[in-house]
Amino acid sequence: MDFRHLVSSPDALSKVTADALLLVVQGPLADGILEAPLASLLAEAVSAGDFEFKPGRSLYVHRPVGMKVPRLLVVGAAAGGLKPFKAALATGLGQLKSSGAKHIAVAVADSAELTSLHAQAFAAAAADAVYLYCRTKPSAPSAPAVSRFTLICGKAQSRDIAAGLQRGAAIAAGVTLARDLGNCPGNVCTPTFLAEQAKRMVKSHGLKVEVLDRKAVEKLGMGAFLAVAQGSNEPLRFIVARYEGAAKSQPPVVLVGKGITFDTGGISIKPSAEMDEMKFDMGGAASVLGTLCALAEIKPKINVIGIIPTCDNMPSGKAVKPGDVVTSLSGQTIEILNTDAEGRLILCDALTYAERFKPAVVVDIATLTGACVIALGHHRSGLFTSDDALAAELLNAGDAVLDPCWRMPLDDEYGEGLKSSFADVGNVGPRAGGSITAAMFLKRFTGKYRWAHLDIAGTAWKSGAAKGGTGRPVALLTHFVLSQVK
Ligand code: BES
Ligand code: MN
Ligand code: ZN
């Protein structure tokens, strides 16, 4: 996809050449902002009842008189802020993607307000509008009809907009990678497949990638990860991918992603309804690879290590059973009371493994609990950390790129339910507050560094008619990493 910017003023839109012009208007415009043909066109449409300056309203004009573009779409947006701007773009681009346009130009009536974050929101909205899944669907078009997007801005904004578009395009590529991996079915996207994807990024993105197999993981002593993987015929993988943008001596940001390529629940098997969606249980892993992809394009001066424990969670004669006790890499023993609480088991060993990198900070990302979906729904990811400064950094990063999260509590009392009569810790607590107990379990393995956990169970994919991976929280993570550059 090609993102560019064009310096032009709102009163010169008649001269813009593109296949379509999308004009975002935030309210009735003062005289003289738009030139005569466009201004009178809008005024007439309003008085005829065909358009209102309101969010969600739009007006399509074919071959608008006095303009060079063959298609004009005017969309209303609520005033102020990034969110209504992106919502208006989503409405407009959603309509125009099925027109004949290959090149869409976008203008804002009040272009003085545009910042680099608007440019990033524009790239995100455009990439989202034209996203296609085709890997296992030959009947779907393999390339989007729209291939070029131009954002029109004033001269004063030009540098910011150019920088924002570049960053936005890189993040969009990472989001698209994460969506594709998530959407890939469980029989294609296996642990081996994820490792192959990571290895490909050595050539394509200059990452360093190391992949451990079962033998290596056994030698290290990752008893919790091994217990989850043992029920499946698909071999496990432990992926370590590095982006090196700074001196080796600089402590890295470590991102740990849950990579369950299918979660049946194991012996504590899940009900059948919607179980297909458990192919998305590697959304954390996908977001780590997507973020590394974005960073490799942006090239910030920082070191980032992605760690991905990946396996299937299956019932079988070899599967781990409720009540089994395993020894984690940390030495703590775990009573596996529910084999469906597998994410925390593969993550705890990865979190202990992360210690060896002496990280500046560790963030894990996981589709960890249904309870998080009950708590926060599908809009904000759950954020868990005892570090107030780190919480603020992650919350700010999410807000800036409209990939928001919300902080949840981590009081010690929430850990009491994890007590076990037969091991140092059980892997489940009571149903109430389930996303917090899960985070409290992980916290036991993170004493040696700054740590935060993102529960993306509600945000990594959409159900229903528009079922599919969202690529979240690649934008949040990329922005967070960029905020950590010294
Ligand atoms: N991958 C699931 C979490 C999940 C469930 C995400 C539904 C999105 C939608 C996770 O492995 C799981 O099964 N968690 C259990 C934990 C429970 C057994 C303590 C859950 O949330 O039910
Ligand atoms: Mn599970
Ligand atoms: Zn799971």
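Residues numbered from 1 in each chain as written. Chains lettered and ligands numbered in written order. Predicted model: local features only at pLDDT ≥ 70, side-chain atom pairs only at ≥ 80, totals over all residues. Heavy atoms only, no water.

**Student:** How would you summarise the overall build of the protein chain if you had to cite specific residues and measurements?
**Tutor:** Each helix and strand in the protein chain was counted, giving 13 helices and 20 strands. In terms of overall size, the protein chain behaves like a compact globule, its C-alpha atoms giving a radius of gyration of 24 Å where 486 residues would be expected to give roughly 23 Å. With respect to the three principal axes, the spread of C-alpha positions in the protein chain is 80 × 50 × 45 Å. Classification of the 486 residues of the protein chain by burial places 56% in the buried group. A sequence separation of at least 24 residues applies to 76% of the contacts in the protein chain between residues at least 6 apart. As displayed, the protein chain offers around 19,900 Å² of accessible surface, 53% of which is attributable to carbon and sulfur atoms. Of the side chains in the protein chain, 50 bear a positive and 44 a negative charge, and the two mean positions are spaced by 6 Å. (Helix = DSSP H or I, 4+ residues; strand = E, 2+ residues; numbered from the N terminus. Rg over C-alpha atoms; globule rule 2.2 N^0.38 Å. Buried < 20%, exposed > 50% of the residue type's maximum accessible area, 1.4 Å probe, protein only. Contact = heavy atoms within 4.5 Å. Areas by Shrake-Rupley, 256 points an atom, 1.4 Å probe, with all protein chains shown as cover. Lys, Arg positive; Asp, Glu negative; His and termini not counted. Charge placed at Lys NZ, Arg CZ, Asp CG, Glu CD.)

**Student:** Describe the site of ligand 1, naming the residues involved and giving the relevant values.
**Tutor:** Of all residues adjacent to ligand 1, which total 16 residues, the nearest are Lys 270, Asp 281, Asp 340, Glu 342 and Gly 370. Between ligand 1 and Lys 258 there is a distance of 3.2 Å, counted from an oxygen atom to a side-chain nitrogen or oxygen. Expressed as a share of its isolated accessible area of 520 Å², the protein-covered part of ligand 1 is 76%. In terms of residue class, the shell around ligand 1 is made up of 5 nonpolar, 4 polar and 7 charged. (Near = heavy atom within 4 Å. Polar contact = N/O pair within 3.5 Å; in protein donor to acceptor, adjacent residues only side chain to side chain. Nonpolar A, V, L, I, M, F, W, Y, C, P; charged D, E, K, R; others polar.)

**Student:** Kindly report on the nonpolar core, identifying the contributing residues and their values.
**Tutor:** If you look at the biggest cluster of nonpolar residues, it comprises 55 residues, and the most contacted ones within it are Val 304, Leu 454 and Phe 480. Per element, the largest residue contribution to this core is 8 residues, and it comes from helix H8 (residues 283-298). When neighbours within four sequence positions are excluded, Val 304 is seen to be in contact with Ala 241, Arg 242, Tyr 243, Val 253, Leu 255, Leu 292, Leu 295 and Val 481. Counting residues in each nonpolar core, the second largest holds 48 residues, with Leu 236, Val 240, Ile 307 and Phe 384 among its members. (Core = buried A, V, L, I, M, F, W, Y, C linked by side-chain atoms within 4.5 Å.)

**Student:** Break down the side chain of Thr 150 for me, with residues and values.
**Tutor:** Here Thr 150 lies in strand S6 (residues 148-153). Among residues more than four places away in sequence, those in contact with Thr 150 are Arg 4, His 5, Leu 6, His 103, Ile 104, Ala 105, Val 106 and Phe 122.

**Student:** Account for the packing of aromatic side chains, naming residues and giving values.
**Tutor:** Scanning the model with the defined rule gives 9 aromatic pairs in all. When the centroid spacing of 6.2 Å and the interplanar angle of 50 degrees are considered together, the rings of Phe 225 and Phe 238 count as tilted. Here Phe 225 is found in helix H7 (residues 223-229), whereas its partner Phe 238 is found in strand S8 (residues 237-244), with 13 residues between them in sequence. The class for Phe 225 is buried, based on a relative accessible area of 0%. Since its relative accessible area comes to 0%, Phe 238 is described here as buried. Taking 4.9 Å as the distance between ring centres and 75 degrees as the angle between the ring planes, the aromatic pair formed by Phe 238 and Tyr 353 counts as edge-to-face. (Phe/Tyr/Trp six-rings, centres within 6.5 Å; stacked < 30°, edge-to-face > 60°.)

**Student:** Go over the coordination of the zinc ion (ligand 3) with me, naming the residues and quoting the values.
**Tutor:** Protein-derived coordination of the zinc ion (ligand 3) comes from Lys 258 (NZ), Asp 263 (OD), Asp 281 (OD) and Glu 342 (OE), at a distance range of 2.0 to 2.4 Å. Around the zinc ion (ligand 3), the 6 donor atoms are arranged such that angles at the metal cover 79 to 173 degrees; this shape is classified as octahedral. Site description for the zinc ion (ligand 3): donor spacing in sequence, K-x4-D-x17-D-x60-E. Separating the zinc ion (ligand 3) from the manganese ion (ligand 2) is a gap of 3.2 Å, which Asp 263 spans by donating to each of them. Here the residue Asp 281 occupies a position in the loop between strand S10 (259-263) and H8, and Glu 342 occupies one in the loop between strand S13 (333-336) and helix H9 (343-354), the gap between them amounting to 61 residues. The burial state of Asp 281 is the same as that of Glu 342; both residues are buried. (Donors = N, O, S within 2.8 Å, 3.2 Å for Na, K, Ca; no water. Tetrahedral: all angles 85-135°; square planar, octahedral: opposite > 155°, others 65-115°.)

**Student:** Which residues make up the side chain of Ser 435, and what values do they have?
**Tutor:** Relative to the helices and strands, Ser 435 is located in helix H12 (residues 434-443). For Ser 435, a relative accessible area of 3% corresponds to the buried category. Leave out the neighbours within four places in its chain, and Ser 435 touches Thr 369, Ala 371, Cys 372, Phe 384, Met 408 and Asp 455.

**Student:** Before we move on, could you go through the domain arrangement of the protein chain and cite the residues and values that matter?
**Tutor:** Once the domains are mapped, the protein chain shows domain 1 (2-154) and domain 2 (177-483). When each unit is reduced to the centre of its C-alpha atoms, the spacing between domain 1 and domain 2 is 38 Å. Each partner contributes residues to the interface: domain 1 has 11 residues there, and domain 2 has 13 residues. Carbon and sulfur atoms supply 57% of the area buried between domain 1 and domain 2, which totals about 990 Å² over both sides. Counting across the domain 1 and domain 2 interface gives 1 salt bridge. With a closest N to O distance of 2.8 Å, Arg 179 and Asp 128 form a salt bridge. (Domains from an automatic or database assignment. Buried area = accessible area lost by both parts, 1.4 Å probe. Salt bridge = Lys/Arg side-chain N within 4 Å of Asp/Glu carboxyl O.)

**Student:** Which residues make up the pattern of salt bridges, and what values go with them?
**Tutor:** A complete count under the given rule lists 20 salt bridges for this structure. By sharing partners, the salt bridges in this structure join Glu 52, Lys 54 and Arg 57 into a single network.

**Student:** How would you explain the coordination of the manganese ion (ligand 2) if you had to name every residue and give the values?
**Tutor:** On the protein side, the manganese ion (ligand 2) has Asp 263 (OD), Asp 340 (O), Asp 340 (OD) and Glu 342 (OE) as donor atoms, found 2.1 to 2.2 Å from it. Read N to C, the donor residues that coordinate the manganese ion (ligand 2) are spaced as D-x76-D-x1-E. Exposure remark for Glu 342: the relative accessible area of 1% places this residue in the buried category.

**Student:** Account for the sheet that holds strand S17 (residues 425-426), with residues named and values stated.
**Tutor:** Taken together, 3 strands build an open sheet; the order of strands is S12-S13-S17 and the sheet is mixed. Edge strands, defined here as strands with exactly one partner in the open sheet, are strand S12 (324-327) and S17. Strand direction decides the pairing type here: S13 and S17, joined by 2 bridges, are parallel. Along S17, the bridge assignment pairs Glu 335 with Gly 426. (Pairing = 2+ DSSP bridges.)

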